[in-house]
Amino acid sequence: MKRLPALLLSLMLCAFIGTGRAAEKPSRGFRGDETAAEQTLFEAGGLTVAVKGLGFVSDIPVLELAVTNASGRELRIELADCTLNGWMWNAGIVLCQGTPGEERAAAGQGTDRIVPDGETKALGIGFAGSDDYEPCGIKAFSEIGFVLRVSDARTGGMLLTTPRLTVNTSVPMAEADGFEAPGRPLYDQNGLCLFCLDVCPAERGGSAVPVLIGNRTDRLVSVSVPSLRVNGAETGSAFGTVVPAGCRCRAEVWIGEAPDRILDLSLTVRMEELLLNEAGEPAGGADAVECLFETTREEACHE
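Residues numbered from 1 in each chain as written. Predicted model: local features only at pLDDT ≥ 70, side-chain atom pairs only at ≥ 80, totals over all residues. Heavy atoms only, no water.

> Can you help me understand the overall build of the chain in this one?
Scanning the chain for helices and strands turns up 2 helices and 24 strands. Split into buried and exposed, the 303 residues of the chain put 48% on the buried side. Long-range contacts, defined here as pairs at least 24 residues apart, represent 71% of the contacts in the chain between residues at least 6 apart. Carbon and sulfur atoms form 48% of the exposed surface of the chain, whose accessible area is close to 14,000 Å². (Helix = DSSP H or I, 4+ residues; strand = E, 2+ residues; numbered from the N terminus. Buried < 20%, exposed > 50% of the residue type's maximum accessible area, 1.4 Å probe, protein only. Contact = heavy atoms within 4.5 Å. Areas by Shrake-Rupley, 256 points an atom, 1.4 Å probe, with all protein chains shown as cover.)

Here it is, written out as structure tokens:
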């Protein structure tokens, strides 16, 4: 699942993983018997990204990768976004091998990893958010999608962004996906679907409106909240995300400065397909739709 702090709902996992593998142990959503075949996913610009396997590493499910750099420069690898079984997901680049010295260096670099020229580094994509397996109906890892952003580690100049790279595991989606929609959607037309649920306490304090967004189109879709009124008064809620084509998103619209008791709430959600330029970057919107979610049921959001 992806919860929204603001834009891309990203909680990037920064972790160093030692050379020894932890014993595999099943968990909710990741069974532990899923496998991913070794394969080359991407090869261009002197960069090669290959899958080495899938399993638990230090109690974290990790898609293990071998990243080879033959570009003639040091490369910085970042995770632009990630999906799990079609859901936008909290994930981050992890280092799968190293020494204690490299552990300290990696921690100082944040979520990105540097691959020296002429070397292959054992990186991986580590998955956080295990509490969201059940709400998203994830019974096993079936499909992992991700986009990598590659830059010059010395100058910071952006070199390339990979297309969405997809890995299918040994578990078919029909067996792994147990999501059931929570009642009737607020909006379900033109390939876009939106559910707004009851007001609840937010993860970071205050109150929030949980939303489920489905994008069945072949374009990126921008989702924002241009208007949010609580107890008749407009209140701030900086909410925005971009949902990739064919993906689902579970998020929270945070209610800024929420009163102790919410007697009524009005929420306007704007969904807009994004047009892309030749570089594959957003370059304007088209076909925007807005829909209104209202509740008059008294909500006690704070104990």
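Having seen the structure, we can now continue with the description.
> Explain the state of the cysteines to me, please; I cannot follow it from the model alone.
Here, disulfide denotes a covalent bond that connects the sulfur atoms of two cysteines. Counting across every chain of the model gives 0 disulfides. As a non-bridged cysteine, cysteine 196 has cysteine 291 as the owner of its nearest cysteine sulfur, 6.6 Å distant. Given the relative accessible area of 13%, cysteine 196 is considered buried. (Disulfide = S-S within 2.5 Å.)

> Just to check I follow, could you spell out the confidence of the model for the chain for this structure?
Low pLDDT marks regions whose predicted coordinates should not be analysed in detail. In the predicted model, the chain carries a mean pLDDT of 80, and 77% of its residues have values of at least 70. Note that residues 99-111 has pLDDT below 50 and, in this model, 13 contacts with residues that lie over four places away or in other chains. Note on residues 298-303: pLDDT under 50 across the span, and 17 contacts to partners over four residues away in sequence or across chains. (pLDDT = per-residue confidence, 0-100.)

> Would you mind going over the pairing of strand E16 (residues 207-215) with me for this structure?
Consecutive side chains along a regular strand alternate between the two faces of the sheet. Taking burial as the measure, the 9 residues of E16 include 9 buried ones, the bulk of the element. Residues of E16 alternate between two faces, with Ser207, Val209, Val211, Ile213 and Asn215 on one and Ala208, Pro210, Leu212 and Gly214 on the opposite face, all of them buried. Relative to E16, strand E14 (residues 192-196) is paired through 5 bridges, and the arrangement is antiparallel. Residue pairing for E16: leucine 192 is matched across the bridge by asparagine 215. Of the strand pairs in this sheet, E16 and strand E20 (residues 248-255) are connected by 8 bridges, and their pairing is antiparallel. Within the sheet, the bridge partner assigned to isoleucine 213 lies in E20 and is cysteine 249. (Pairing = 2+ DSSP bridges.)

> Help me out: how do you make sense of the side chain of serine 151 in this one?
Locating serine 151 in the fold gives a position in strand E10 (residues 143-152). Leaving out residues up to four positions away in the same chain, serine 151 has contacts with Glu74, Leu75, Arg76, Gly156, Gly157, Met158 and Leu159.

> Before we go on, may I ask you to explain unusual backbone geometry in this structure?
Most peptide bonds adopt trans geometry, and most residues besides glycine take a negative phi value. Unlike most non-glycine residues, asparagine 85 shows phi in positive territory, near 50°. Structurally, asparagine 85 can be placed in the loop between strand E5 (75-84) and strand E6 (87-88). Within the chain, asparagine 190 stands out as a residue other than glycine whose phi angle is a positive 55°. Looking at the secondary structure, you find asparagine 190 in the loop between strand E13 (187-189) and E14. A relative accessible area of 61% places asparagine 190 in the exposed class.

> Teacher, can you tell me more about the nonpolar core here?
One broad trend across soluble globular proteins is that nonpolar side chains are buried collectively. Core analysis: the biggest nonpolar cluster contains 40 residues, and Leu47, Leu63, Ile77, Ile125, Phe127 and Phe146 have the highest contact counts within it. Setting aside anything within four residues of it in sequence, one finds leucine 63 in contact with Ala36, Val51, Gly53, Leu54, Leu123, Gly124, Ile125, Phe127, Ile144, Phe146 and Val167. Ranked by size, the runner-up nonpolar core spans 29 residues in total, among them Val223, Leu267, Cys291 and Phe293. (Core = buried A, V, L, I, M, F, W, Y, C linked by side-chain atoms within 4.5 Å.)

> It is not clear to me how the pattern of salt bridges should be interpreted in this structure. Could you clarify?
When the charged atoms of two side chains lie near each other, side chains of opposite charge can form a pair. The full count for this structure, using the stated rule, is 12 salt bridges. Between arginine 31 and aspartate 33 there is a salt bridge; the shortest N-O distance is 3.0 Å. Since its relative accessible area comes to 29%, arginine 31 is described here as partly exposed. Taking the relative accessible area as the measure of exposure, aspartate 33 reaches 48% and is therefore partly exposed. The partner of arginine 270 in a salt bridge is glutamate 272, and the shortest N-O contact between them spans 3.6 Å. A single network of salt bridges, built from pairs that share partners, joins Arg31, Asp33 and Glu175. (Salt bridge = Lys/Arg side-chain N within 4 Å of Asp/Glu carboxyl O.)

> What is the right way to look at the packing of aromatic side chains in this model?
Two descriptors summarise a pair of aromatic rings, namely the distance from one centre to the other and the angle between the planes of the rings. Throughout the structure, instances matching the rule amount to 6 aromatic pairs. Centre to centre, the rings of phenylalanine 30 and phenylalanine 56 are 5.0 Å apart; their planes meet at 85°, and the pair counts as edge-to-face. Pair noted here: phenylalanine 30 is in the loop between strand E1 (15-16) and strand E2 (39-44) and phenylalanine 56 is in strand E3 (residues 47-57), with a separation of 26 residues, a long-range link. Overall, the relative accessible area of 5% leaves phenylalanine 56 in the buried class. Three or more aromatic residues joined by ring pairs form one cluster here, namely Phe30, Phe56, Trp89, Phe127, Tyr133 and Phe141. (Phe/Tyr/Trp six-rings, centres within 6.5 Å; stacked < 30°, edge-to-face > 60°.)

> Explain the environment of asparagine 90 to me, please; I cannot follow it from the model alone.
Along the chain, asparagine 90 turns up in the loop between E6 and strand E7 (91-95). Through-space distance from the C-alpha of asparagine 90 to that of aspartate 132 is 9.8 Å; in sequence the pair is 42 residues apart.

> Would you take a moment to explain the side chain of aspartate 132 for this structure?
Tracing the sequence through the fold places aspartate 132 in the loop between strand E9 (120-127) and E10. Among the polar contacts listed, one links the side chain of aspartate 132 to the side chain of arginine 250, at a separation of 2.6 Å. (Polar contact = N/O pair within 3.5 Å; in protein donor to acceptor, adjacent residues only side chain to side chain.)

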